[in-house]
Amino acid sequence: MRGITVFLFCCLFALPVKAEIPQSREQITLSYAPVIKDVSPSVVNIYTKRVVRARARSPFWDDPFFSPFFGSDLFGRPMRERVENSLGSGFIIHEDGLIATNAHVIDGAQEIMVVLQDGNEYAAHVKAIEKNSDIAILQMEGLNTITLPALPLGSSDALEVGDLVLAIGNPFGVGQTVTS
């Protein structure tokens, strides 16, 4: 989650803004509600699935003599397969369904689902991944004529120490979170 938070900090709110010094008490009283209301439709939840083979634990797995005998578990049963799920957040960066998220959220995924704020779900596939910076780009499928609300990317060069930033996400699929 730390990665998407940093990514959202840099991308969502790195848009050039004229800095003004508050002149009254009313100007000092801030509300993030208008910004959140504006960008929330672009924040998505990402569910992934992958099938992994589960092995019984044994001290003999890595022993060259015993390893041929452990294609199954200790009792001769074949290794079990189980479905591993992952949850994360992302945001729409282009109205045709490009999504930016963290690479660790979709790493090794065999199935990727993107859930929009309105609850609609779409399959997606990996378009690009950069594991060192923990960023991935997904392409949503089956959109047909739907136009999505995209957030413009900004430059982190426009940020200064002390600027107000927000991290908006839906990492656990229970509703959006906002952190300042």
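Everything here concerns the structure above.
What you see is a predicted model, and the numbers here were worked out from it, not measured in a lab. (Residues numbered from 1 in each chain as written. Predicted model: local features only at pLDDT ≥ 70, side-chain atom pairs only at ≥ 80, totals over all residues. Heavy atoms only, no water.)

Undergrad: What is the right way to read the overall build of the protein from this model?
TA: Helices and strands together make up the secondary structure of the protein, namely 4 helices and 8 strands. Listing the helices and strands of the protein from first to last along the sequence gives α-α-α-β-β-β-α-β-β-β-β-β. In the form shown here, the protein has an accessible surface area of approximately 11800 Å², with 55% of it arising from carbon and sulfur atoms. (Helix = DSSP H or I, 4+ residues; strand = E, 2+ residues; numbered from the N terminus. Areas by Shrake-Rupley, 256 points an atom, 1.4 Å probe, with all protein chains shown as cover.)

Undergrad: Would you explain the side chain of Ser 40 in this entry?
TA: Inspection of the secondary structure assignment puts Ser 40 in the loop between helix 3 (33–39) and strand 1 (43–54). Given the relative accessible area of 5%, Ser 40 is considered buried. Here the side chain of Ser 40 touches Ile 36 through a polar contact of 2.6 Å, landing on its backbone oxygen. Not counting residues within four places of it along the chain, the set of residues in contact with Ser 40 comprises Gln 117 and Gln 176. (Buried < 20%, exposed > 50% of the residue type's maximum accessible area, 1.4 Å probe, protein only. Polar contact = N/O pair within 3.5 Å; in protein donor to acceptor, adjacent residues only side chain to side chain. Contact = heavy atoms within 4.5 Å.)

Undergrad: Looking at this structure, I do not really get the environment of Ile 168. What am I missing?
TA: By the element assignment, Ile 168 lies in strand 7 (residues 167–169). Residue Ile 168 is classed as buried on the basis of its relative accessible area of 1%. Measuring from C-alpha to C-alpha, the distance between Ile 168 and Ile 36 comes to 7.8 Å, with 132 residues separating the pair along the chain.

Undergrad: What exactly am I supposed to notice about the nonpolar core here?
TA: In a soluble, globular protein the nonpolar side chains are often hidden away together inside. If you look at the biggest cluster of nonpolar residues, it comprises 17 residues, and the most contacted ones within it are Ile 46, Ile 99, Val 114, Leu 116, Leu 138 and Met 140. Setting aside residues no more than four positions away along its own chain, Leu 138 makes contact with Ile 46, Gly 97, Leu 98, Ile 99, Thr 101, Ile 106, Ile 112, Val 114, Ala 124, His 125, Val 126 and Lys 127. Counting 9 residues, the second largest nonpolar core, distinct from the first, contains Ile 93, Leu 98, Ile 137 and Leu 151. (Core = buried A, V, L, I, M, F, W, Y, C linked by side-chain atoms within 4.5 Å.)

Undergrad: What exactly am I supposed to notice about the pattern of salt bridges here?
TA: Pairing is possible between side chains that carry opposite charge, provided their charged atoms lie close to one another. What the rule picks out here adds up to 1 salt bridge. Asp 107 serves as the salt-bridge partner of Lys 131, at 3.0 Å between the closest nitrogen and oxygen. Taken together, the residues Lys 131 in the loop between strand 5 (121–130) and strand 6 (135–140) and Asp 107 in the loop between helix 4 (103–106) and strand 4 (111–115) connect sequence positions 24 residues apart. (Salt bridge = Lys/Arg side-chain N within 4 Å of Asp/Glu carboxyl O.)

Undergrad: Would you mind going over the environment of Gln 176 with me for this structure?
TA: Structurally, the position occupied by Gln 176 is in the loop between strand 7 and strand 8 (177–179). Spatially, the C-alpha atom of Gln 176 lies 8.8 Å from that of Gln 117, the residues being 59 residues apart in sequence. Ignoring anything within four residues of it in the chain, the contact list for Gln 176 reads Ser 40, Val 43, Gln 117, Ile 168, Gly 169 and Asn 170. In terms of polar contacts, Gln 176 uses its side chain to reach the side chain of Ser 40, at 2.9 Å.

Undergrad: Help me understand the side chain of Gln 139 in this model?
TA: Topologically, Gln 139 is positioned in strand 6. Residue classification places Gln 139 among the buried positions, given a relative accessible area of 13%. A polar contact is formed between the side chain of Gln 139 and the backbone oxygen of Asp 96, at a distance of 3.0 Å. Not counting the four nearest positions on each side in its chain, Gln 139 is found in contact with Asp 96, Gly 97, Leu 98, Ala 123, Ala 124, His 125 and Lys 127.

Undergrad: Any chance you could explain the pairing of strand 5 here in plain terms?
TA: Remember that side chains alternate between the two faces of the sheet whenever the strand is regular. Sheet analysis places strand 4 next to strand 5, joined by 4 bridges and oriented antiparallel. Its bridge partner being in strand 5, Ile 112 is matched across the sheet by Ala 124. A loop of 5 residues connects strand 4 with strand 5, the two strands running antiparallel in sequence, and Gly 119 in this loop sits at a positive phi of about 95°. One ladder, built from 6 bridges, connects strand 5 with strand 6; its direction is antiparallel. Within the sheet, the bridge partner assigned to Ala 124 lies in strand 6 and is Met 140. (Pairing = 2+ DSSP bridges.)

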